[in-house]
Amino acid sequence: MRLVVVGNGPVGHRFVETLGARDPDRVFEVTVLAEENRPAYDRVRLSTWFDGAALNLPTVTGVDVRLGEPAESVDPAARTVTTRSGNLRYDKLVLATGSYPFVPPVPGTDLRGCFVYRTVDNLEALTAFAAGKKTGVVVGGGLLGLEAAHALHRLGLITHVVEFAPRLMPLQVDEAGGAMLRRYVEDLGVTVHTGRAAARITGEDAVGTVVFADSGVLRADVVVFAAGVRPRDELARVAGLETGPRGGVVVDETCRTSDRHIYAIGECAQIGGRVYGLVAPGYAMAEVAADRLLGGGATFPGGDTSTKLKLLGVDVASFGAIEGPLDVTFTDPATRVYAKLVLSDDAQTLLGGVLVGDAAPYPALRACLGGPLPAPPLAMLAPVTGDATGNLPGAAQVCSCNAVTKDAIVTAIREQGCADVPAVKACTRAGTTCGSCVPLLRQLLAESGVALPKAMCEHFDHSRQELFEIVRVRGIRTFSRLVAEHGRGRGCDICKPAVASILATQGNGYILDGEQASLQDTNDHFLANIQRNGTYSVVPRIPGGEITPEKLIVIGEVARDFGLYTKITGGQRIDLFGARVEQLPRIWRRLVDAGFESGHAYGKALRTVKSCVGTTWCRYGVQDSVGLAIALELRYRGLRAPHKVKAAVSGCARECAEARSKDFGVIATELGWNLYVGGNGGFRPRHADLFATDLSTEDLVRYIDRFLMFYVRTADRLQRTASWLEAMDGGLEHLRDVVVADSLGIAAELDAAMARHVDSYVDEWRSTIDDPEWLRRFVSFVNAPDTPDPSITFEVERGQLVPAR
Amino acid sequence: MSTQWILICQYQRLEPERGVAALVGGTQVAIFRTFDGDLYAIGNLDPCSGAHVLSRGIVGTRDGAPTVASPMHKQVFDLRTGQCLDKPGVAVPTHPVRCRDGQVEVGLWPDAPT
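Residues numbered from 1 in each chain as written. Chains lettered and ligands numbered in written order. Predicted model: local features only at pLDDT ≥ 70, side-chain atom pairs only at ≥ 80, totals over all residues.

Caption draft 1: Examining the overall build of chain A more closely. A tally of helices and strands in chain A yields 24 helices and 38 strands. Looking at chain A as a whole, 48% of its 805 residues are labelled buried. Considering only contacts in chain A between residues 6 or more positions apart, those separated by 24 or more positions represent 61%. (Helix = DSSP H or I, 4+ residues; strand = E, 2+ residues; numbered from the N terminus. Buried ≥ 20, exposed ≤ 12 C-beta atoms within 10 Å, placed from the backbone. Contact = placed C-beta atoms within 7 Å.)

Caption draft 2: Structural detail: the overall build of chain B. Along chain B, the regular secondary structure elements total zero helices and ten strands. Mapped in sequence order, the helices and strands of chain B form the string β-β-β-β-β-β-β-β-β-β. The buried share of chain B, reckoned over its 114 residues, is 48%. Considering only intrachain contacts with a sequence separation of at least 6, the fraction spanning at least 24 residues in chain B is 44%.

Caption draft 3: Up close: the interface of chain B and chain A. Opposite the 26 residues of chain B that make contact, chain A presents 24 residues. When grouped by side-chain class, the residues that make up the side of chain B that touches chain A number 15 nonpolar, four polar and seven charged. (Nonpolar A, V, L, I, M, F, W, Y, C, P; charged D, E, K, R; others polar.)

Caption draft 4: Examining the sheet that holds strand E3 (residues 64-66) of chain A more closely. Residues and elements named next belong to chain A. If you walk across this open sheet you meet the five strands as E3-E2-E1-E7-E19, and the pairing is parallel. Either end of the sheet is taken by a strand with one partner, and the two such strands are E3 and strand E19 (262-264). Shown here is a sheet whose adjacent strand axes are inclined to one another by a mean of 15°, direction ignored. Where strand E2 (residues 29-33) lies against E3, three bridges are found, and the strand directions are parallel. (Pairing = 2+ DSSP bridges. Axes fitted to C-alpha atoms, helices over the stretch in contact; angles between N-to-C directions.)

Caption draft 5: Main features of the pairing of strand E11 (residues 158-163) of chain A. Residue and element names in this part refer to chain A. Counting buried residues along E11, five of its six residues qualify, which places the element largely inside the surrounding structure. Inspection of the sheet shows strand E10 (residues 135-139) paired to E11 by five bridges, in the parallel sense. Residue Thr 135 lies in a different strand from E11, and its bridge partner there is Ile 158. In this fold, the crossover linking E10 to E11 by way of helix H3 (residues 143-154) has right-handed handedness. (Right-handed = clockwise from strand over helix to strand, strands pointing away.)

Caption draft 6: Unusual backbone geometry, seen in detail. Residue and element names in this part refer to chain A. Phi is positive for Asp 694, which is not a glycine, with a value near 50°. Position of Asp 694 relative to the elements: it lies in strand E36 (residues 689-695). Classification of Asp 694 as partly exposed rests on a count of 15 C-beta atoms within 10 Å. Even without a glycine there, the phi angle at Arg 798 is positive, about 45°. One can find Arg 798 in the loop between strand E37 (794-797) and strand E38 (800-803). On the neighbour-count criterion, Arg 798 (6 C-beta atoms within 10 Å) is exposed.

Caption draft 7: View of the nonpolar core. Residue and element names in this part refer to chain A. If you look at the biggest cluster of nonpolar residues, it comprises 140 residues, and the most contacted ones within it are Val 138, Leu 181, Val 223, Val 224, Ile 409, Leu 441 and Leu 675. Ranked by residue count, the leading element in this core is helix H19 (residues 697-714), at ten residues. The residues touching Leu 675, leaving out its near neighbours within four places in the chain, are Phe 664, Val 666, Phe 691, Ala 692, Leu 695, Leu 700, Tyr 703 and Ile 704. (Core = buried A, V, L, I, M, F, W, Y, C linked by C-beta atoms within 7 Å.)

Caption draft 8: Structural context of the packing of helix H1 (residues 10-22) of chain A against helix H6 (residues 279-293) of chain A. All names here are of chain A. Their axes nearest at 8 Å, the elements H1 and H6 cross at an angle of 35°. Seen from above, H1 lies across H6 with right-handed handedness. Counting all contacts with H1, which are made through Pro 10, Val 11, Arg 14, Phe 15, Thr 18, Leu 19 and Arg 22, the residues of H6 involved are Val 279, Gly 282, Tyr 283, Ala 286, Glu 287, Ala 289, Ala 290 and Leu 293. Tallied by class, residues from the contact of H1 with H6 come to ten nonpolar, two polar and three charged. (Left-handed = near helix turned anticlockwise from the far one by under 90°.)

Caption draft 9: Highlighting helix H16 (residues 549-562) of chain A. Residue and element names in this part refer to chain A. Taking 1.5 Å of rise per residue, the 14 residues of H16 would be expected to cover 20 Å, and the 20 Å separating its terminal C-alpha atoms lies within 8% of that figure. When we look at burial in H16, the residues that qualify are Ile 555, Val 558 and Ala 559. Summarising the axial view, the buried residues of H16 lie within an arc of 95°, below the 170-degree limit, and thus occupy one face. Seen from the open side of H16, the exposed residues pointing more than 90 degrees away from its buried face are Pro 549, Glu 550, Ile 553, Glu 557, Arg 560 and Asp 561. (Expected span 1.5 Å × (residues − 1). Arc of directions from axis to C-beta.)

Caption draft 10: Layout of the sheet that holds strand E13 (residues 198-202) of chain A. All names here are of chain A. In space, the three strands of this open sheet follow the order E13-E14-E15, with antiparallel pairing throughout. One side of each edge strand has no neighbouring strand; the edge strands of this open sheet are E13 and strand E15 (217-219). Strand-to-strand, the axes of this sheet are offset by a mean angle of 20°, without reference to chain direction. Relative to strand E14 (residues 209-212), E13 runs antiparallel, the two being bridged by four bridges. Directly across from Thr 202, in E14, lies its bridge partner Thr 209.

Caption draft 11: Layout of the confidence of the model for chain B. On average, residues of chain B carry a pLDDT of 92, and 97% of them reach 70 or more. Across the interface, the model reports ipTM at 0.96; the global pTM reads 0.60. (pLDDT = per-residue confidence, 0-100.)

Caption draft 12: Structural view of the pairing of E37 of chain A. All names here are of chain A. The sheet contact formed by E37 and E38 spans four bridges and is antiparallel. What sits directly across from Glu 797, in E38, is Gln 800. With antiparallel pairing between neighbouring strands as the criterion, E37 and E38 make up a hairpin whose turn holds two residues, including Arg 798 at a positive phi of roughly 45°.

Caption draft 13: Layout of the environment of Leu 54 of chain B. With respect to the element layout, Leu 54 of chain B can be found in the loop between strand E4 (39-43) and strand E5 (58-62). Considering only alpha carbons, one finds Leu 54 of chain B and Val 68 of chain B, 14 residues apart in sequence, at a separation of 7.4 Å.

Caption draft 14: Inspection of the environment of Val 207 of chain A at higher detail. In this fold, Val 207 of chain A is placed in the loop between E13 and E14. A residue is classified by how many C-beta atoms lie within 10 Å of it, and Val 207 of chain A, with 26 of them, is buried.

Caption draft 15: Molecular detail of the environment of Thr 299 of chain A. Residues and elements named next belong to chain A. With respect to the element layout, Thr 299 can be found in the loop between H6 and strand E21 (307-311). Along the backbone, Thr 299 and Ala 289 are ten residues apart, and their C-alpha atoms lie at a distance of 8.6 Å. In contact with Thr 299, other than residues within four places in its own chain, are Glu 253, Thr 254 and Val 288.

This is the structure:
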């Protein structure tokens, strides 16, 4: 079956993705016609483009996506679509053409300096034009208008917002909420004009002034129209399909148009008499259409118009009705929080609500929509307590992105044994899209009796993150003081290495100094990796995997002279096995003298930054991947972390360094570097997520610095970045907020912490072999230092020594 | 029969909350100094892994009892009794140990199993 999808926006993409996942036998041969000349991207997050965020959506394999090749016409009788390259036959057609920005029909909107706010191309053009300009005016004070105002403000323009309605965001918030929002917006220096309309734009060859209908005038260099969108139904209209009186391709509850071979989804469709300009109903339509094409019986469940977002740094949420029979409101001018719940006239049913300034109660309230409130209204509006989910009805949708109910989550916990947030996510898909319900998932786990282990062990009631903060804030420098003041007993193999790591990252220098030596696991204590027979392995650092013949010869000679088994590691270095404790200093004396240093293979620390040869040799390379890998490895070497950290740099999109399986991976582009985070090989493999694209080397290093330090500060003991990211409230978005936009205001601290690490790095092995006091530890027997451990014996296998069996 | 004591090393040679290995009459003994300064000696052979490594484990406490965790797979042993607290029925021998005139001494023969 030939399926043609017209439109490559988020809804079209979601449709193709859903269909692909549910059509493993490839019944459908899919062609996507895309008007824009770039791969599918997440328009919902368009404004994060200014932060350098990566907007690209995952590529769906096995689909013929034709970028920059829009559909020009559709012939339903012949079942063909015409593009510039000819006619395409289809068996089924899906229209996902989206919307176009509405520009008010006033004179002057064609002047240079007038823009809309819909595509990356729009943003690029706006950014280029706005350089050096002074004043910008946004026409439209809704959600998109405020995003556009934020953008102009950040581009350095004096910014005005003009809204025809008497308040900002008239569709989402009520009058009082709009007033609170206005105070936040005005505090940023943005001027708000409500109840006014632009009558014309004037200027010579470019924008000069905006003239209001009430005859007022604003000087302006840039005007952005963000006054709503209209469905793009022109293809359908010309093809004779039924369209609505106010636009939109009319579809039934299965998303089928008046032609049985044609479906329409997203903002171009009119369903149940309505056109939705939001992504969530569009996603729901995409799922319905995919299900129907595969023979299913899904119907459109009704549009969820709930919204939660951060606009100009202000949390705003709205769900259900914003006006109704009864309402409970809460206003705190001091903290600038406004909240309102709309209730049925018997005060028993939650019909909707508005939150401005603090959206924390949103997930729980959103889940109660249409049902009784589990607690008195004011208690629900207070800062999230601990037990908000207990009285939620089982059918309440906890995750609205993926339509997962409380019942489904509780079943996953009780019957499928999901014992933590990542397991619940993997099992139910709850929390995998926007992440705002992750706190609720955690509560449901706790309420189901799954103990979320916070206490590290019997000696501390704290999590690793809490201990990190205690150590940091109180300036604690020893385990003894920490356990005396904040714990009990004398520690164990769980808390001691964790505290050792915390002390090490907070600048306690050499990990074997003083009492710290007693905290270390044997690997860190002997700066080598213990093996099954009680011997150790030695891994010198080979940054980026680049090594001279002279150094290779030294490694070979050392291995030969000490009878060590050698093997190439997965991280592009060489592991030397079978060293007895008392041999380690002599082995390292030779290695250090030849210019080697510790590879920290024994530590919960940065291991390697793997690389391909990049532009140095490779005919495909676009950047110097080896040079960057070496610089990164030298920058982060020795950094103690909750678990090991692996990294890689690939010199082009062919990705020979396998960067996406690493904690952080860098892939070169023509313009700079793409950064990926949270990848993992091992027991539960995970591909790293695209974090930011086309970065300069300077920005790349700054982001990695903050990513690593934030991980070091906040992860649990033995938690790799992959599960840390999966368990994070808000997920990748939150991480991006912290690292790129500094939403927690800690970026300067993270930068300073990394700078301290880089400045204070010393090679642990060089420090050790130069100090007789420390060398005394490296003996087989305290009363017979020259007697090798007689229990260690070897045999020969394939020409090398291995433990005797 | 009176215990025959073998001189091992100076007490100062032992670091708090760390162990050392010693050869005592041909067997390997792991000797520990706890935070409070007490001395304990147990067999160095980790019965769970078969490697002579207990002297290199992390010293701590469990419910107040002094312990060492095997560096191989982290099973915890009670330093006073040699009992493995994570695997019932598994134990390592204990040895008499004392400090005399600043010197650590270990009894030649292990204690009779308790």
